[in-house]
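Reading the structure
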Amino acid sequence: MSLIIGCGIDLVKIERIEKIIRRWGNNFTSRIFTLLEGEYCEKKRGNKFQSYAGKFAAKEALLKALGLGLRGVNWKEIEIENNELGQPTIETSGKLKNIASSKGISKYFVSISHTKDYAVAQVILEGTLDK
C-alpha cells in the first residue's frame, strides 16, 4: 500500500531570482537548472523569471520533503519538467535518486503557482514504509 511519506513547500520572491539572474546570468542558471529547465524558462519571454522562480521553489520543496536540505546532492539532480499540458513533474538522478529510493519513495507530486511577486511550490512524496 502506498502512503504519503513526505511533504514540502517553498515560497520564493520572484524579484530575488530575477536580480540573481541579471547579476550572475549563466553562472547561476547553469549551476541550478538543467538544460531542459533553462530552455523552458527562456521560452517564457515576459514571464521567464516567474518560471525560474517556480522551478527553484519546486526544487527547494522537494529537498524539504526529503528532509535533506542540499547536503551531498546537486541542484541539477532534480529536474522539473512540464508535460504537454504544462503540468509540472519531477525527475531525479544521481545520488538524490538513490536517496529517494532508499526512503521508499516511488512517486512525486508537485504543484507550482505564482503571482506577480511570488512563486510557491508544494511537493508530496508517495511510497511505502517497508524500506
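About the cut-offs
Residues numbered from 1 in each chain as written. Predicted model: local features only at pLDDT ≥ 70, side-chain atom pairs only at ≥ 80, totals over all residues. Heavy atoms only, no water. Helix = DSSP H or I, 4+ residues; strand = E, 2+ residues; numbered from the N terminus. Rg over C-alpha atoms; globule rule 2.2 N^0.38 Å. Buried < 20%, exposed > 50% of the residue type's maximum accessible area, 1.4 Å probe, protein only. Contact = heavy atoms within 4.5 Å. Patch = residues over 30% accessible without salt bridge, like charges linked within 9 Å, V, L, I, M, F, W, Y side chains within 5 Å. Areas by Shrake-Rupley, 256 points an atom, 1.4 Å probe, with all protein chains shown as cover. Salt bridge = Lys/Arg side-chain N within 4 Å of Asp/Glu carboxyl O. Pairing = 2+ DSSP bridges. Axes fitted to C-alpha atoms, helices over the stretch in contact; angles between N-to-C directions. Polar contact = N/O pair within 3.5 Å; in protein donor to acceptor, adjacent residues only side chain to side chain. Core = buried A, V, L, I, M, F, W, Y, C linked by side-chain atoms within 4.5 Å.

1. So, the overall build of the protein
The number of helices and strands found in the protein is 5 helices and 5 strands. Along the protein, helices (α) and strands (β) appear in the sequence β-α-α-α-α-β-β-α-β-β when read from the amino end. In terms of overall dimensions, the protein is globule-like: its C-alpha atoms have a radius of gyration of 14 Å, near the 14 Å expected for 131 residues. Taken over 131 residues, the protein has a buried fraction of 40%. If you take every contact in the protein between residues at least 6 apart in sequence, the share linking residues at least 24 apart comes to 62%.

2. So, a nonpolar patch on the surface
A contiguous nonpolar patch, built from Met-1, Leu-3 and Leu-129 and spanning about 380 Å² of accessible area, is present on the exposed surface. As for its position among the elements, Leu-3 is in strand E1 (residues 3-13). When its relative accessible area of 33% is taken as the criterion, Leu-3 is described as partly exposed.

3. Quick look at the sheet that holds E1
The sheet built from 3 strands is open, its strands ordered E1-E5-E4 with antiparallel pairing. The sheet is open, and its two edges are formed by E1 and strand E4 (105-114), each paired on a single side. Strand-to-strand twist in this sheet, taken as the mean axis angle between neighbours without regard to direction, amounts to 15°. By the bridge criterion, 9 bridges tie E4 to strand E5 (residues 118-127) in an arrangement that is antiparallel. Across the sheet, the residue bridging to Phe-109 is Ile-124, located in E5. Taken strand by strand, helix H1 (residues 14-24) contacts E1, E4 and E5, and its axis lies near 70° from that of E1.

4. A short note on the environment of Asp-10
Within the secondary structure, Asp-10 sits in strand E1. Judged by its relative accessible area of 10%, Asp-10 is buried. Remark: the alpha-carbon pair of Asp-10 and Ala-57, spanning 47 residues in sequence, is separated by 5.2 Å. Those residues in contact with Asp-10 that lie beyond four places of it in its chain are Ala-57, Glu-60, Ala-61, Lys-64, Ala-119, Val-120 and Ala-121. Of the polar contacts made by the side chain of Asp-10, one reaches the side chain of Lys-64; its length is 2.7 Å.

5. Quick look at the nonpolar core
Leu-62, Leu-66, Ile-90, Leu-96, Val-123 and Leu-125 are the most contacted members of the largest nonpolar core, which has 35 residues in total. Within the residue set of this core, elements represented by two or more residues are H1, helix H2 (26-32), helix H4 (48-66), strand E2 (78-82), helix H5 (94-102), E4 and E5. The element best represented in this core is H4, accounting for 11 residues.

6. Observations regarding the pattern of salt bridges
Applying the stated rule across the entire model yields 6 salt bridges. Measuring nitrogen to oxygen at the nearest pair gives 2.7 Å for the salt bridge that ties Asp-10 to Lys-64. Taken together, the residues span a long stretch of sequence, with Asp-10 in strand E1 and Lys-64 in helix H4 at a distance of 54 residues. By relative accessible area, Lys-64 is classed as partly exposed at 44%.

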